[in-house]
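What the coordinates show
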2 protein chains.
Amino acid sequence: MTSDPDLVTRRARLLGPNVPTFYDPPLHIVRGEGVWLWDAAGRRYLDAYNNVPHVGHCHPRVVEAIARQAAQLNTHTRYLHEVILDYAEALTARLGHDLSQVIMVCTGSEANDIALRMAEAVTGARGIVATDNTYHGNTTAVAALSTRRPPIGGRPDHVRLVPAPDALAPLGGSRDAQGAAFAAHVAAAIADLKAAGHGFAGLMLCPAFANEGLPDPGPGFLDDTVAVVRGAGGLILADEVQPGFGRLGTHFWGHEALGFAPDVVTLGKPMANGHPVGAVVARPQVMAAFREAFGYFNTFGGNPVSCAAAMATLRVIEDEGLQENARVVGDHLLGLLRGLSHPALADIRGMGLFAALEFHPDHAATCAAAVEGLARRGVLTGRVGRAQHILKIRPPMPFSRGNAAQLVETLEGVLGGLE
Amino acid sequence: MTSDPDLVTRRARLLGPNVPTFYDPPLHIVRGEGVWLWDAAGRRYLDAYNNVPHVGHCHPRVVEAIARQAAQLNTHTRYLHEVILDYAEALTARLGHDLSQVIMVCTGSEANDIALRMAEAVTGARGIVATDNTYHGNTTAVAALSTRRPPIGGRPDHVRLVPAPDALAPLGGSRDAQGAAFAAHVAAAIADLKAAGHGFAGLMLCPAFANEGLPDPGPGFLDDTVAVVRGAGGLILADEVQPGFGRLGTHFWGHEALGFAPDVVTLGKPMANGHPVGAVVARPQVMAAFREAFGYFNTFGGNPVSCAAAMATLRVIEDEGLQENARVVGDHLLGLLRGLSHPALADIRGMGLFAALEFHPDHAATCAAAVEGLARRGVLTGRVGRAQHILKIRPPMPFSRGNAAQLVETLEGVLGGLE
């Protein structure tokens, strides 16, 4: 594991304090290909964490699409261009529930920022419900829903957070009762928002509860909640930034896996394999209400290069069967992971190429040590959870059975050395 | 002038209503090079409007930098990488006033959204002042400062808008009194914010007042205002998205041309020649306060490809002498424009490669007809101003004397045919 003290010093000088890094010391990564990253010393790392390079680091088809379009034209959507329309057609063809109209933006944060305004435009209200252990982006409006760091002066009064699904401490006890318990919390939050005069605009959530630690509450979990939200006149905003584009294996979207029909879907990170692209997909009535109330123009959003990158990414997912790979390799990986044992391990779960090893919350240090130990042995993972006690596995989609074996063997070795 | 009714129909179906286009019918642009754009029928247009392709459409050095880095590595800033540091060093070397630390983001909107929070972090207050004829981006937080479309339920109470500088109706009458009059309005807005309990965080403005119609109030205009803002404990947030990177010719930044020292500078559109890149540059104390209060991570912001694109753009500006070109050609262009006459023309002004032909506000239709007429004759311009009565000229920076001559000759012909 190589780092570079000089880069750390320059970073602090040029980027300021508290800029997050992974691993201690942080890695100096210089090259990527497929599921592999290389550091400046030439050491190779198996990437079992990054979902942004969805079809693999530096996939040649995506690189070529970017290079070709960048050399031909890169301008805004106030001129007509085919590629945004071709992409919008290909994308919406993958979505049901009349989710047929698209705004292209540059980041998932921009997408979620719009989704909140869509709910506001449709309902005329501002009240938003989200879970109490989540993250939906970094703009002022969406950061207000984040539990990582409460805003100065406290959370805005039009935001209410409900207890997130939790695999170790499930709301409502039995699996069947969990959905009802979550819905009851949402109903209470809505009543509270209405009593406070904010009204209710919608519920925003990640259908895989990825930042909540991937609790996997199972299909149907949201049935009661959807009924509550619709009954209260609100919209359901599905943040598909993490689960979307086939990662869960069984389904192309998280909301399909969980089994509900969102009014708005937001997309980001993996959409264009690292090119800054995000999107909002909505029903025509929702889109019309937003456009009427707010207008919207995004200078870079939907430019031909961004759309070419997104289109190439989508085609590679299809042509290389990456959703099916996520299902097959994900199942295999989960089987291997379930063979691990360590006294601090509380739960092992996963959906496709998204897995969580939950340590007992008071053993977060063991989780941290495992992540560091893996990195020192050339395997990159991350942490999530209220206590950062959940080891997060979310590799690029071309992850193979061999990669899964390397990950689990390395993890076995690391865990064996940890108290 | 060719358009494509089929694309217009597909656009409405896939992107929804009220998605803005330029020109009637809108252009179907398929290729760009330098100051030129081509439509699907092969017709060539002189681009005298787009500032995003700052060093020229599809500049080969920028395209090559993007293609090379995209093939090598494109990941986030939680790993160490040189290119973000090299770029931050090169960028901050162009800025004075201790503006020495950088956050890289994807859009000018994201940059301004952060700048507002920086002011909040430093002051502990939320009150913001901006002009009443401006635009600082499309996130919820910065859209609240826009006068294009007031938010649902009215503008947030922590925002106060002051009368924008206006070339035809200058506040305070004489040129000397204008700055004092503007400062008095800012002082009143600050007092109002404090009385309402919001406190005062800062003043956000574009140092060229680009969206205000480029009124060119002259150096020193903000002297009194700066004293007022500092006296009230607020920050000065300079939105350099339009004037930055040498466009004004005499200076690399708008705040240098106007002669004041901002606390925060935000960057966007031209920064990476169309690649989705923006940035916030701040003093270390401001950065530290923001990082402490808000944290911040942007998945795509500062990735190696974005930084390579931004670095190549900066190098081309320097290597091709584009700031000096903006000064020389801009002066030449302004001289030619001042030779134009039409009864509806009220004022002709410019700074470098940024010019405004202001029509009498009740002759906005003439301005619209001029822009459409120019497009039909193969020259692209746009409109700005309270009544959209100002013809906006803001071409890519390699604009030549010959391009200027073509623009002005074509404009002369168009104006000659308009009542």
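Since the structure is predicted, the reported quantities are computational estimates derived from the model, not experimental observations.

Turning to the sheet that holds strand E14 (residues 382-384) of chain A, a few remarks are in order. All names here are of chain A. On the basis of which strands lie adjacent, the open sheet formed by 4 strands has the order E11-E12-E15-E14 and antiparallel pairing. At either end of the open sheet lies a strand with only one pairing partner, and these are strand E11 (345-350) and E14. When strand polarity is set aside, the average angle formed by the axes of neighbouring strands in this sheet is 25°. The pairing of E14 with strand E15 (residues 390-393) spans 3 bridges and is classified as antiparallel. When the sheet's bridge partners are listed, arginine 383 is paired in E15 with leucine 391. The strands touched by helix H11 (residues 322-338) within the sheet are E11, strand E12 (355-359) and E15, with E11 carrying the most contacts at an inclination of about 170°.

So, about the domain arrangement of chain A. All names here are of chain A. Each assigned domain of chain A is listed with its residue range as follows: domain 1 (5-55 + 321-416) and domain 2 (60-319). Measuring from the centre of the C-alpha atoms in domain 1 to the corresponding centre in domain 2 gives 25 Å. With 32 residues of domain 1 at the interface, the matching set in domain 2 holds 35 residues. For the domain 1 and domain 2 pair, buried surface summed over both sides reaches about 2600 Å², with 57% attributable to carbon and sulfur atoms. Broken down residue by residue, the surface that domain 1 buries against domain 2 is led by Gln323, Met351 and Arg386, which jointly contribute 27%.

Let us look at the packing of helix H12 (residues 364-376) of chain A against helix H13 (residues 401-416) of chain A. All names here are of chain A. Running from N to C, H12 and H13 cross one another at 125°; their axes reach a closest spacing of 9 Å. Regarding the angle of H12 to H13, the classification is oblique. Viewed along their axes, H12 and H13 form a crossing whose handedness is right-handed. Residues Ala369, Ala370, Gly373 and Leu374 of H12 pack against Leu407, Thr410, Leu411, Val414 and Leu415 of H13. By residue class, the composition of the contact of H12 with H13 is 7 nonpolar, 2 polar and no charged.

With 93 residues of chain A at the interface, the matching set in chain B holds 92 residues. Of the roughly 8200 Å² buried where chain A meets chain B, counting both sides, 58% is carbon and sulfur surface. Considering only the side of chain A, the residues that lose the most area to chain B are Tyr79(A), Leu80(A) and Phe300(A), jointly responsible for 11% of the buried surface there. Counting every contact that joins chain A to chain B gives 6 salt bridges. Residue Arg10(A) is joined to Asp86(B) by a salt bridge in which the shortest nitrogen-to-oxygen separation is 2.8 Å. At the junction of chain A with chain B, the criterion picks out 44 residue pairs in polar contact (both at pLDDT 80 or more). Listing elements by their share of the side of chain A that touches chain B, those giving two or more residues are helix H1 (5-15), strand E1 (29-33), helix H2 (60-72), helix H3 (82-92), strand E4 (101-105), helix H4 (108-123), helix H5 (140-143) and helix H9 (284-294) of chain A. If you tally residues by element for the side of chain A that touches chain B, the top one is H1(A), at 8 residues. Residues belonging to the side of chain A that touches chain B are distributed by class as follows: 46 nonpolar, 29 polar and 18 charged.

This brings us to the sheet that holds strand E5 (residues 128-131) of chain B. All names here are of chain B. The strand order across the open sheet built from 7 strands is E4-E10-E9-E8-E7-E5-E6, with neighbouring strands paired in mixed fashion. This sheet does not close on itself; its edge strands, each paired only once, are strand E4 (101-105) and strand E6 (159-162). Strand-to-strand, the axes of this sheet are offset by a mean angle of 20°, without reference to chain direction. Note that strand E7 (residues 202-205) and strand E8 (residues 235-239) share 4 bridges and pair parallel. By the bridge assignment, methionine 204 is partnered in E8 with leucine 237. Set on the sheet, helix H9 (residues 284-294) makes contact with E4, E8, strand E9 (264-267) and strand E10 (278-282); between it and E4 the angle comes to about 50°.

Relative to the helices and strands, Gln101(B) resides in strand E4. With a relative accessible area of 7%, Gln101(B) lands in the buried category. Within the structure, the side chain of Gln101(B) is placed 3.4 Å from the backbone oxygen of Ala12(A), a separation counted as a polar contact. Gln101(B) has contacts with Ala12(A), Arg13(A), Leu14(A), Leu15(A), Gly16(A), Pro17(A), Thr92(B), Val280(B), Val281(B), Ala282(B), Pro284(B) and Met287(B), leaving out every residue within four places of it along the chain.

The next thing to look at is the packing of aromatic side chains. Per the stated rule, a full pass over the model turns up 22 aromatic pairs over all chains. A centroid spacing of 5.8 Å and a plane angle of 50° characterise the contact between Phe22(A) and Tyr23(A), whose relative ring orientation is tilted. The class for Phe22(A) is buried, based on a relative accessible area of 16%. Ring geometry for Phe182(A) and Phe221(A): centres 5.2 Å apart, planes at 40°, overall tilted. Taken together, the positions of Phe182(A) in helix H6 (residues 175-195) and Phe221(A) in the loop between strand E7 (202-205) and helix H7 (223-231) put the pair 39 residues apart, joining distant regions of the chain. Assessed through its relative accessible area of 0%, Phe182(A) is described here as buried. What makes Phe221(A) buried here is its relative accessible area of 5%. Through successive ring pairs, a cluster of aromatic residues spans Phe22(A), Tyr23(A), Tyr49(A) and Tyr79(B). Positioned above the aromatic ring of Trp36(B) is the side chain of Arg44(B), whose terminal nitrogen or guanidinium carbon lies 3.5 Å from the ring centre.

The rules behind each value
Residues numbered from 1 in each chain as written. Chains lettered and ligands numbered in written order. Predicted model: local features only at pLDDT ≥ 70, side-chain atom pairs only at ≥ 80, totals over all residues. Heavy atoms only, no water. Pairing = 2+ DSSP bridges. Helix = DSSP H or I, 4+ residues; strand = E, 2+ residues; numbered from the N terminus. Axes fitted to C-alpha atoms, helices over the stretch in contact; angles between N-to-C directions. Contact = heavy atoms within 4.5 Å. Domains from an automatic or database assignment. Buried area = accessible area lost by both parts, 1.4 Å probe. Parallel < 35°, antiparallel > 145°, perpendicular 65-115°, else oblique. Left-handed = near helix turned anticlockwise from the far one by under 90°. Nonpolar A, V, L, I, M, F, W, Y, C, P; charged D, E, K, R; others polar. Salt bridge = Lys/Arg side-chain N within 4 Å of Asp/Glu carboxyl O. Polar contact = N/O pair within 3.5 Å; in protein donor to acceptor, adjacent residues only side chain to side chain. Buried < 20%, exposed > 50% of the residue type's maximum accessible area, 1.4 Å probe, protein only. Phe/Tyr/Trp six-rings, centres within 6.5 Å; stacked < 30°, edge-to-face > 60°. Lys NZ or Arg CZ within 6 Å of the ring centre and 35° of its normal.

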